[in-house]
Amino acid sequence: MTDQIFYPHKELFPNSPIRNMCEYDELVEKFENDYEGTWEAFAREKIDWYKPFDRVLNEDDAPFYKWFEGGELNVAYQCVGRHLATRKNKAAIIFEGDNGDQRILTYRELYYEVNKMANLFRNQFDIKKGDRVVLYMPMIPEAAIAMLACAKLGAIHSVVFGGFSAEALRDRIIDAEAKLVVTADGAFRKGKPYMLKPIVDKALESGCESVQAVCVVERNGEEIHWEPGRDYSYNELIKNESVQCEPEIVEAEHPLFLLYTSGSTGKPKGVQHSTAGYILWAQMTMEWVFDVQDNDTFWCTADVGWITGHTYIVYGPLAAGATTVMFEGVMTFPDAGRAWKMVEEYQINQFYTAPTAIRLLHKMGQDEPAKYDLSSLRVLGTVGEPIDPPAWKWYYEAVGGSRCSIVDTWWQTETGGHMISPLPAATPVKPACATFPLPGIKAEVINPDGSKPEVGEQGLMCITKPWPSMIRTIWGDPERFKKSYFGDAVKDGKPVYFSGDGAIVDEDGYITITGRTDDVINVSGHRMGTAEVESAIKKHPNVAAVAVVGKPHEIKGEGIFAYVVLKEVPVDKRDETAEDLEMVKEINAIIKQEIGAIAMCDAIAFVPDLPKTRSGKVMRRLLRAIAKGDTITQDTSTLENPAIVGEIEAIVSGG
Ligand code: WTA
């Protein structure tokens, strides 16, 4: 099955911008021959500049690259305002609530809503260019409206995923020194209300001196606390705002947003994106990878709290003038046919989700897709983690009717948009393979010294030339930016961007991503730093030492597995005792409080010690292998405590 090649059904893509591999090769070559000139042409064609740029790429201060210097623009205009001339009555956002309620905003209505919210931010909360606004929002249109309202004012938003805890939210508010927090009372999930505002209240209890106001969208109508002089009702205040708003025109390199993501060490990093380069690539990949045409309806199931939601629910689709679907609920409620019912009802043409969701929908409702008319679909996308061939096959056959193109898109928070992906009309696809770099993206699998690994050997997934939508820096920590991304690989004497992923190139040049090479776990497509989870677990007073690793998980891709050494060991055999179960509960409660439920452990093994080298380094590779149930073939004699390996194996295997 993996050796099979799937060719696009070309009749589905008569108007694709890249229609075959010849056109792909030509475009790649064009970039090879004139990198800056080709980017320049796209930037001039795609962006509605207020003032054109006069320099394409400035590499003087590498790796702090600058694109399109001298240019001025406004992203709200690029995404909404400029479409009024041709699409004012076209649906911009189709929203479906958890309980099936619907709301459709045309481009004209979206324009007014964005203007009103921008006016509210400006007039009521004194938000100006460069101010940071934290959004802690459910999946409702106001989340997108608030992002665009920030863009309208040149304010920098930082969306924090609604599943993060008060502690995690507080850290992000403090790091960005946010002036305003926009949230909702809560929203609905699986037929029930859930709350966000109480988490904001808790986050603001200490240390968030920069925050001057909280703007609350009322969505679920549940009772909440209103702090006088701090909390304001969006629903009340918005009534007074005008639908006209002067945009703040910004420079090409002005930061559009921050988005915090996990690294292998330390606290989450505030990935900073630019305005022009980011929006250019969001729009171009929308057109190239999803083949979005003017009458199409595009649905990306991500949450706006992740980069996928930023680029492919809000900025990409709207910049391209498309219709984007926003869904508040979960795809398995009220049953595993929910997503397919929506595809049928809205006649979705492109559907974009994560392998975790595909595996879950497959498991819970293998035959559900057949009950609905899915003939509108042309492109099926996946993102966030490697997809396994069985999930790919089900997606292709049961959902795509063996007709749709599957685009396995590899990219990251830091890359802003897709880097490696099939093109739906052009690329012959090997299942579960991201295939080839997009034109303009110099994505290469290399060794740390820049040489190419042998065919079939794993190397580092690098991007060896700067590209417009790349991360500009880590907010407030330029040194960490350099060290995190430009410290591991060098090509032609220059440090190049290393993604943290490993990859393999096969004999036909196809790239397969093998996963993280660092201590980052990918749980359901969400990046978790092992260091973050470990530091949360260490807060338990009875924990002496801890090591967290990823363990393959049937649905989530990877699950979180913790090895914990307790200070006091109440019983000899630490397996399945009541004390252990109590500790598991306590540890997960701490993780939930420090990070959020998404980081809770799937399994915890209480062990007498961790395997360490003589210099005291915990041997994670060994712990990963044990968690997976592999037989240990590594030489353990160099460990400080070799006997521990067998003991841990016995505990984990329940022996
Ligand atoms: C992983 C999500 C395999 C990868 C857009 C990367 C993938 C991390 C794929 C980024 C894919 C993303 N195949 N792995 N198609 N797409 N990844 O920042 O490990 O949340 O480094 O961005 O997800 O996760 P992030």
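Visitor: So what about the pairing of strand β22 (residues 458-463)? Which residues, and what values?
Guide: Two faces, one strand: in a regular strand the side chains alternate between the faces of the sheet. The buried fraction of β22 amounts to five of the six residues, a majority that puts the element mostly inside the structure. Bridging between strand β21 (residues 443-446) and β22 involves four bridges; their strand directions are antiparallel. Along β22, the bridge assignment pairs Ala443 with Ile463.

Visitor: Describe in detail unusual backbone geometry, supporting the description with residues and values.
Guide: Cis peptide bonds are those with omega within 30 degrees of zero, and the linkage from Ala62 to Pro63 qualifies with 5 degrees. Within the element layout of this structure, Pro63 appears in the loop between β1 (55-58) and β2 (66-69). For the peptide bond that leads from Phe333 to Pro334, omega is 0 degrees, which places it in the cis range. Of note, Pro334 is situated in the loop between β17 (323-327) and α12 (338-346). Here Asp291, not a glycine, exhibits a phi torsion of approximately 50 degrees, which is positive. Of note, Asp291 is situated in the loop between α10 (276-290) and β16 (297-300).

Visitor: Could you give an account of the site of the ligand, with specific residues and numbers?
Guide: What surrounds the ligand is a group of 17 residues, the closest being Asp408, Thr409, Thr413, Asp501 and Arg527. Here Gln412 contributes a side-chain N or O atom positioned 2.9 Å from an oxygen atom of the ligand. Between an oxygen atom of the ligand and a side-chain N or O atom of Asp501, the distance comes to 2.7 Å. Protein burial of the ligand: of its 530 Å² of free accessible surface, 96% is covered by the chains. Among the secondary structure elements, those contributing two or more residues to the shell around the ligand are α11 (307-319), β20 (405-409) and β27 (511-516). Grouping the constituent residues of the shell around the ligand by class yields six nonpolar, six polar and five charged.

So, how was this worked out
Residues numbered from 1 in each chain as written. Predicted model: local features only at pLDDT ≥ 70, side-chain atom pairs only at ≥ 80, totals over all residues. Heavy atoms only, no water. Buried < 20%, exposed > 50% of the residue type's maximum accessible area, 1.4 Å probe, protein only. Helix = DSSP H or I, 4+ residues; strand = E, 2+ residues; numbered from the N terminus. Pairing = 2+ DSSP bridges. Near = heavy atom within 4 Å. Polar contact = N/O pair within 3.5 Å; in protein donor to acceptor, adjacent residues only side chain to side chain. Areas by Shrake-Rupley, 256 points an atom, 1.4 Å probe, with all protein chains shown as cover. Nonpolar A, V, L, I, M, F, W, Y, C, P; charged D, E, K, R; others polar.

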